[in-house]
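# Descriptive analysis of the structure
Take a look at the letters that make up each chain.
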Amino acid sequence: MRSLHAVLVERASPRLVELLAAALDGSGPAILPLDGGLPRARLAELITAFAPDTVEDTDGVTTARLGQKMGVGESTAVIIGTSGSTGAPKGVELSASALLHSARASLARVDARPGQRWLCCLPATHIAGVQVLIRSLVSGTEPVLATRADAETVAGSGCSHVSLVPVQLQRLLADQSRQSDISTPLAGFASVLLGGAAAPQSLLDEARAAGVPVVTTYGMTETCGGCVYDGWPLDGVRVSIRDDDDGLPDRIWIGGPVLFSGYRLGGPGNLPVPGGSSFRTGDLGQVDASGRLTVRGRADDVINTGGHKVIPGEVAAVLGTCPGVQDVAVVGQSDAEWGERVIAVVVPADRADPPTLELLRLHVRQRLPRYASPSRVVIVDAVPMLPSGKHDITRLKLDLLRREQTEAENVT
């Protein structure tokens, strides 16, 4: 067994890069990056659950942990704590070979050249941030570690490659439009990997029109991060589509050398078998005749309305192209007659002139079946977000429920 070293981080640091390099080449323990900014009680809970041998605090002081220690398998290099989009936190065990294959395949896909540096402005407790550091280690360059991703910082980084989530890209483009003395901050980059959440087509169009070399990525912690770039699997990655036993079609399965080894805290029973076959993701999609993947949305979010299955991600993607829509999320709401109703939560481009329900319904019906069109629109200032850049659907549903309860109380 190999020892496990928990390291509390507030941001990516040279010390974390050093620990990561040792974890990958086997000269040091496996590492477990944890968010040092979490409340003490939460950190204590996670440390007890993950049971590392040692814990290094944000000041670099290491203490041996008392109590139960479990160690990890010899091949495990990194454990990432994740809850995905929903569910209880669990630890995803990633081997050095899987992480390195992912990094090398990524560097090859974006045609990274010798000496080109990576900008790290994502949390080092997430797989996307960790992979930026690993790509730098593999390419023999020193990453630029940024505390923020504003236009001035990015433009002055001297880097050629960066990974972002959609909200960061959106803010960078907005920064540039407000500051005429700053050129498009990402136009000089060789690649801008965009993942963590589905990006609105309008955002991709705006970025590409500004000369930003955006590459959309799809993956999850269990696949060492993004493993499908612009719909095309990285070298060695296999993507297949299968129907679930319960009749839900188009489940995405991923196989290949980027798969995780197992869960630290006992996740669901969909682990890859020894030798690495395939991992059943939580997403639905389609693969065309050329082998290109289109992600339709989360399987858990499917709305059953009047016997029809509606994929919120597909509806949101269409609504995102509707005039007057800046951001949008689609959720299901319980309904006595239909089972569920399709609700569009919209951030308008102009708060004084938000898009009407009629306009949104017409826009959806031009591209999707009639039953997929929203029956209600809720106008908000912002959609709640997760640290990963995804919409926080659980919180959004709670916000909508509270809003309905308040409206009902006001009526009575």
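Residues numbered from 1 in each chain as written. Predicted model: local features only at pLDDT ≥ 70, side-chain atom pairs only at ≥ 80, totals over all residues. Heavy atoms only, no water.

Turning our eyes to something else, we now look at the overall build of the protein chain. Secondary structure summary: the protein chain contains 10 helices and 23 strands in total. On the principal axes, the C-alpha backbone points of the protein chain span a range of 60 × 50 × 50 Å. Burial analysis of the protein chain (412 residues in total) assigns 48% to the buried set. Within the structure as shown, the protein chain displays about 19100 Å² of accessible surface, and the carbon and sulfur contribution to it stands at 50%. Taken together, the 38 basic and 45 acidic charged side chains of the protein chain have centroids lying 2 Å from each other. (Helix = DSSP H or I, 4+ residues; strand = E, 2+ residues; numbered from the N terminus. Buried < 20%, exposed > 50% of the residue type's maximum accessible area, 1.4 Å probe, protein only. Areas by Shrake-Rupley, 256 points an atom, 1.4 Å probe, with all protein chains shown as cover. Lys, Arg positive; Asp, Glu negative; His and termini not counted. Charge placed at Lys NZ, Arg CZ, Asp CG, Glu CD.)

Counting residues in hydrophobic clusters, the biggest one holds 49 residues, and the most contacted among them are Leu20, Leu24, Leu94, Leu99, Ile134 and Ile254. Sorting elements by how many residues they give to this core places helix H3 (residues 96–109) first, with seven residues. Sequence-distant contacts of Ile134, that is, excluding residues within four places in its chain, are made with Leu20, Leu24, Leu99, Leu100 and Ala103. The next biggest cluster of nonpolar side chains, apart from the first, holds 22 residues, and it includes Cys121, Ala151, Leu169 and Ala207. (Core = buried A, V, L, I, M, F, W, Y, C linked by side-chain atoms within 4.5 Å. Contact = heavy atoms within 4.5 Å.)

Once that is clear, we can look at the sheet that holds strand E22 (residues 339–348). Read across the open sheet, the three strands follow the order E21-E22-E23; overall the sheet is mixed. For this open sheet the edge positions go to strand E21 (325–335) and strand E23 (376–379), each flanked by a neighbour on one side alone. Neighbour-to-neighbour, the strand axes of the sheet open up by a mean angle of 25°, direction not taken into account. When E21 meets E22, the two strands line up antiparallel, connected through 10 bridges. The residue bridging Ala329 from the neighbouring strand is Val345, located in E22. (Pairing = 2+ DSSP bridges. Axes fitted to C-alpha atoms, helices over the stretch in contact; angles between N-to-C directions.)

By the secondary structure assignment, Arg251 is in strand E15 (residues 251–255). Engagement of the side chain of Arg251 in a polar contact is seen with the backbone oxygen of Thr281, the distance being 2.9 Å. Residues within four places of Arg251 in sequence aside, it is in contact with Ser240, Ile241, Arg242, Asp244, Arg280, Thr281, Gly282, Asp283, Leu284 and Ala299. (Polar contact = N/O pair within 3.5 Å; in protein donor to acceptor, adjacent residues only side chain to side chain.)

Turning to the sheet that holds strand E9 (residues 161–164), a few remarks are in order. Strand order across the open sheet formed by seven strands is E8-E7-E9-E10-E11-E12-E13, with mixed pairing between neighbours. Edge strands, defined here as strands with exactly one partner in the open sheet, are strand E8 (144–145) and strand E13 (232–233). As judged from the four bridges shared by strand E11 (residues 214–220) and strand E12 (residues 225–229), these two strands associate in the antiparallel manner. Across the sheet, Tyr218 pairs through a bridge with Val228, a residue of E12.

Once that is clear, we can look at the pattern of salt bridges. Scanning the entire structure with this criterion turns up 16 salt bridges. With a shortest N-O distance of 3.9 Å, Asp230 and Arg208 are connected by a salt bridge. On the criterion of sequence distance, the pair formed by Asp230 in the loop between E12 and E13 and Arg208 in helix H7 (residues 201–209) is long-range, its members being 22 residues apart. Owing to a relative accessible area of 24%, Asp230 belongs among the partly exposed residues under this scheme. Across the salt bridge formed by Arg351 and Asp381, the nearest N and O atoms sit 2.9 Å from each other. With Arg351 in the loop between E22 and helix H9 (357–365) and Asp381 in the loop between E23 and helix H10 (393–411), this residue pair connects regions lying 30 residues apart in the sequence. According to the relative accessible area criterion, Asp381 is exposed, its value standing at 63%. Here the salt bridges do not stand alone but share partners, grouping Arg15, Glu18 and Glu56 into one network. (Salt bridge = Lys/Arg side-chain N within 4 Å of Asp/Glu carboxyl O.)

Burial along strand E10 (residues 191–194) is two-sided: Ser191 and Leu193 and Val192 and Leu194, pointing in opposite directions, are all buried. Alignment of E9 against E10, held across four bridges, turns out to be parallel. Counterpart to Ser163 in the pairing with E10 is Leu193. Pairing of E10 with E11 involves three bridges; the strand directions are parallel. The partner of Val192 across the bridge, within E11, is Val214. Handedness of the crossover joining E10 and E11 through H7: right-handed. (Right-handed = clockwise from strand over helix to strand, strands pointing away.)

Everything listed here is a matter of coordinates, which is why it stays silent on function.
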